[in-house]
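Structural overview
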Amino acid sequence: MTNLAIDHIGKTYADGTEALRDIQVHAAEGEIVAILGGSGCGKTTLLRLVAGLDTPSIGAISVGGQKIAGTHPAISAVFQEPRLLPWLKVGANIAFGGQRLDPTERDRRASALMERIGLSGYDHRWPRDLSGGQSQRVAIARALIGHPGVLLLDEPFSALDPFTRASLHELVLGLWKELKPTILMVTHDVDEAVTLADRIVVMKPRPGRVHESIQVDIPRPRDKLSSAFELMKRRVMRAIDRSLADDRPAGPRAFGPGGTSPWL
Amino acid sequence: MKPTGFIIPVLLGVTWEVVVQSGLATGRLMPPPSHLLHSAIGLAASGELWTHVAATMTRIGLGFLFGAAAGTACGVLAGASGLALRLLDPSIQALRAIPSLAWVPLFILWLGIFETSKLALIAMGVFFPVYLGVLSAIQGVDRKLIEVGRVFGLSSTGIALRITGPAVLPSWFAALRTGLGLGFMFVVAAELMGASEGLGYMLLDGQQMGRADTILVAMIVFALLGKACDSILVAISIPLLRWQDTVRASL
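Residue indices follow the written sequence of each chain, beginning from 1 at its first position. Chain letters and ligand numbers both follow the written order, the letters beginning at A and the numbers at 1. Selection of residues for local features in this predicted model requires a pLDDT of at least 70, selection of side-chain atom pairs for listing and counting requires 80 or more, and totals for whole chains, interfaces and linings are taken over all residues. Where side-chain values are given, they derive from all heavy atoms of the structure, hydrogens and water being excluded.

**Describing the overall build of chain A**
For clarity, the cut-off: Secondary structure counts use DSSP, requiring at least four H or I residues in a row for a helix and at least two E residues in a row for a strand, with both numbered from the N terminus. Note on method: radius of gyration uses C-alpha positions; expected globular size equals 2.2 Å times residues raised to 0.38. Relative accessibility under 20% of the residue-type maximum defines a buried residue, over 50% an exposed one, and the middle range a partly exposed one, all with a 1.4 Å probe and only protein chains included. Here, residues are in contact when the closest pair of their heavy atoms is within 4.5 Å. Areas reported as accessible are Shrake-Rupley estimates using a 1.4 Å probe. Residue values count occlusion only from the protein chains shown. Asp and Glu count as negative and Lys and Arg as positive, but His and the ends of the chain are not part of the count. Charge placement uses NZ in Lys and CZ in Arg. For Asp and Glu, CG and CD serve respectively.
When its secondary structure is counted, chain A shows seven helices and ten strands. At 19 Å, chain A has a C-alpha radius of gyration in line with the 18 Å of a compact globule built from 264 residues. Counting only C-alpha atoms and orienting by the principal axes, one finds that chain A spans roughly 60 × 45 × 35 Å. Every one of the 264 residues in chain A was classed for burial, and the buried ones make up 53%. Restricting to contacts in chain A with at least 6 residues of sequence separation, those with at least 24 account for 68%. Entry remark: accessible area of chain A is about 11,700 Å², with carbon and sulfur atoms responsible for 52%. In chain A, 33 positive and 30 negative side-chain charges are present, and the distance between their average locations comes to 1 Å.

**Points about unusual backbone geometry**
All names here are of chain A. A cis geometry characterises the amide bond from Arg 206 onward to Pro 207, with omega recorded as -10°. A cis amide bond links Arg 220 with the next residue in sequence, Pro 221, at an omega value of -5°. Position of Pro 221 relative to the elements: it lies in the loop between β10 (209-215) and α7 (227-247). Unlike most non-glycine residues, Arg 83 shows phi in positive territory, near 50°. You can see Arg 83 is positioned in the loop between β6 (75-78) and α2 (90-96). On the basis of relative accessible area, Arg 83 is assigned to the buried category, the value being 12%. The backbone of Arg 206 shows a phi angle near 50°, a positive value even though the residue is not glycine. Structurally, the position occupied by Arg 206 is in the loop between β9 (199-204) and β10. A residue is classified by how much of its surface remains accessible, and Arg 206, at 59% relative accessible area, is exposed.

**Things to note about the confidence of the model for chain B**
Residues and elements named next belong to chain B. Basically, it comes down to this: Per-residue confidence from the prediction method is given by pLDDT, with values spanning 0 to 100.
The share of residues in chain B with pLDDT of 70 or more is 97%, and the mean pLDDT across the chain is 92. Within chain B, the lowest mean pLDDT, 58, falls on helix α11 (residues 245-250), and the highest, 96, falls on helix α3 (residues 48-80). For this predicted complex, the interface confidence comes out at an ipTM of 0.86, alongside a pTM of 0.85.

Below, the structure written as structure tokens:
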């Protein structure tokens, strides 16, 4: 059953810049969909539209079959930066995500999530005392405390070192198994997309459009050293190459068939 | 004030005391610390000093209260509404450009020579920095934090109370401190424009009577009161701004 439906979305800014054109992405309940593409292909714009932080110029977004306009209680988000509120302690920052919960239930969930993200005992610390990875863990917990039907991830791991990133991938997958939200994530990291997603939607730029949708049929847990993982990465990289090649003006091709790909 | 802050004033005081006591200077226009202490004790014992302090502090307290309240209200209004900003800000900026002492004759004409005109002058001095501080702080609130509030379901009022309010708090306290400093500056002007009591009156009285010690005692009391009031504001702000790295560092 489709949980999140993005139907023929387009976004043109007041100055005439067309950021997105005719985006169609459907995600089933509990599915992880990664939106992949280079800078300027409208990934973050798309996520902002789904989050209700911006309005599409055309098209509709539905959650559980209901069209939505603006922010929605079923949709939660983790941003590129943790965006913790500096005046709230760690526990209160997590609880902040559960505005609509009964206070007792909110405290119970916050406490359980603190433990789940490995930060039990940190509830009375200030955000300034946390590392980047810890802050992002808190941001993930804050996004999940309300048990959202749809979780949006806007490149939340991009600023982290590879070790922290890998541990956060594990954390997200673990929490996803428990709560089963539909996850729509944007990333420019092919490895990350293949690690996490059930499906990868490759976008092409100017304006942002869907180029190709690739099903990632590798069973979890995924072994990054397996040939299946490597093959999937190559398939995705080729799709990115094709998306860029389509966008390139006619003339000698820098890479692609007969050229040197930056990916392969 | 940390002990190191006392080194320079104590050193200067001791040096001047030695210079006057050894007869190298008379100390008539610049009395030594012992003379000032003697004068201060005399003024305090007679109760005269406390009358002046009470008058000045009442004026500063009320003027600061009115000025800070009006500055905060106008700053919030202009910061929250584009229409209010367009309506209010040009007029307030134009009024700010008028030298504050230029208002004195008009205030006396409008409000009389007594307390009301003095309070109006002090409140006006406090108003502008508070207004500007609040307005620029609201305009500078991180849009990304506002978005967090929206994503997690806060209403406009919720965003104002739970995001904008706390985000503006450090700048508000900074603006209040600036306003308070200007309040002290303006109370002197207010008391010089016709008062029978107050530290400003004490300054004028000292000048007319040729008593440098009275003038200096009034100045020192001003400095002590100003520092004490500022410290009270800082003390109030510390528990509310504990989350800031800067406050923690200065503790």
